[in-house]
Amino acid sequence: MMALIQRVRRARVQVGGETVGEIGQGLLALVCAQPADSEAQAVKLVDKLLKLRVFSDEAGKMNRSVQDVQGGLLIVSQFTLAADTSGGNRPSFTGAAPAELGRHLYERVLQLARERHPAVAAGVFGADMQVELVNDGPVTIPMTVV
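In this report, the structure presented in the accompanying data block is examined. (Residues numbered from 1 in each chain as written. Predicted model: local features only at pLDDT ≥ 70, side-chain atom pairs only at ≥ 80, totals over all residues. Heavy atoms only, no water.)

**Remarks on the packing of aromatic side chains**
Inspection of the entire model under this criterion finds two aromatic pairs. Both rings, one in Phe79 and one in Phe93, keep their centres 5.1 Å apart while their planes meet at 75°; by these two values the pair is edge-to-face. Taken together, the residues span a long stretch of sequence, with Phe79 in the loop between strand S6 (72–77) and helix H2 (99–116) and Phe93 in the loop between S6 and H2 at a distance of 14 residues. (Phe/Tyr/Trp six-rings, centres within 6.5 Å; stacked < 30°, edge-to-face > 60°. Helix = DSSP H or I, 4+ residues; strand = E, 2+ residues; numbered from the N terminus.)

Printed below as a string of structure tokens:
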């Protein structure tokens, strides 16, 4: 699975003008499953999200996790992370998992995150979403778990 992680001051996702997920300080995770992924990758991704030390400690060093700061997680599915632009100007998305697998793994990520963290919000798989965020830092980290 691949993800793009952004440390945010706040973030929200809307579908059809209605807010479906919103957090204050925390992490926005744009998540994409790939064809060879399984639940093992979903587990690793959630482990990494919860332990990733990207929040400042008392000395100003990135040494605290989203759990340490009691921040929120906003998890949004985004198959376009698997875009391949090497063949021209129109991206190919064959690197993304088929919809059924992508939905299953996205829902598994949400389930695992909600079991282990008290503040988890989400987008809607396959929906046309509008994501608003205030990136803090800015801190943006690409992540791949195998």
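**Describing unusual backbone geometry**
Phi is mostly negative for residues that are not glycine, and the peptide bonds are mostly trans. Following Gly137, the chain continues to Pro138 via a peptide bond in cis, the omega torsion being 0°. Position of Pro138 relative to the elements: it lies in strand S8 (residues 129–144).

**Quick word on the environment of Gln34**
Tracing the chain through its elements places Gln34 in the loop between strand S3 (26–32) and helix H1 (39–51). Gln34 gets classed as partly exposed once you look at its relative accessible area, which sits at 23%. Placed 71 residues apart in sequence, Gln34 and Leu105 show a C-alpha to C-alpha distance of 9.6 Å. Excluding anything up to four places from it in sequence, Gln34 contacts Met1, Met2, Gly95, Ala96, Ala97 and Leu101. (Buried < 20%, exposed > 50% of the residue type's maximum accessible area, 1.4 Å probe, protein only. Contact = heavy atoms within 4.5 Å.)

**Quick word on H2**
In this model H2 runs 26 Å from its N-terminal to its C-terminal C-alpha over 18 residues, within 8% of the 26 Å that 1.5 Å per residue would give. By the burial criterion, the buried members of H2 are Gly102, Leu105, Tyr106, Arg108, Val109, Leu110, Leu112 and Ala113. Summarising the contacts, the buried residues of H2 are in contact with H1, S6 and strand S7 (120–122). (Expected span 1.5 Å × (residues − 1).)

**Re the nonpolar core**
Residues Met1, Ile5, Leu27, Leu45, Leu73 and Ile75 are the most contacted members of the largest nonpolar core, which totals 31 residues. Elements supplying a minimum of two residues to this core: strand S1 (2–15), S3, H1, S6, H2, S7 and S8. Among the elements that take part in this core, H2 stands out by supplying six residues, more than any other. In this structure, Leu27 is in contact with Ile5, Gln6, Arg7, Val8, Leu49, Val54, Phe55, Val66, Gly72, Leu73 and Leu74, ignoring residues within four places of it in sequence. Counting residues in hydrophobic clusters, the runner-up holds 10 residues, among them Ala11, Val13, Val76 and Met129. (Core = buried A, V, L, I, M, F, W, Y, C linked by side-chain atoms within 4.5 Å.)

**With respect to the pattern of salt bridges**
In total, this model carries five salt bridges according to the counting rule given. Across the pair Arg9 and Asp136 runs a salt bridge whose closest N-O atoms are separated by 3.1 Å. One end of the pair, Arg9, is in strand S1; the other, Asp136, is in strand S8, with 127 residues separating them in the sequence. With a relative accessible area of 53%, Arg9 lands in the exposed category. A salt bridge links Asp47 to Arg116; the shortest N-O distance between them is 2.4 Å. Taken as a pair, Asp47 in helix H1 and Arg116 in helix H2 lie far apart in primary sequence, 69 residues in all. According to the relative accessible area criterion, Asp47 is partly exposed, its value standing at 24%. (Salt bridge = Lys/Arg side-chain N within 4 Å of Asp/Glu carboxyl O.)

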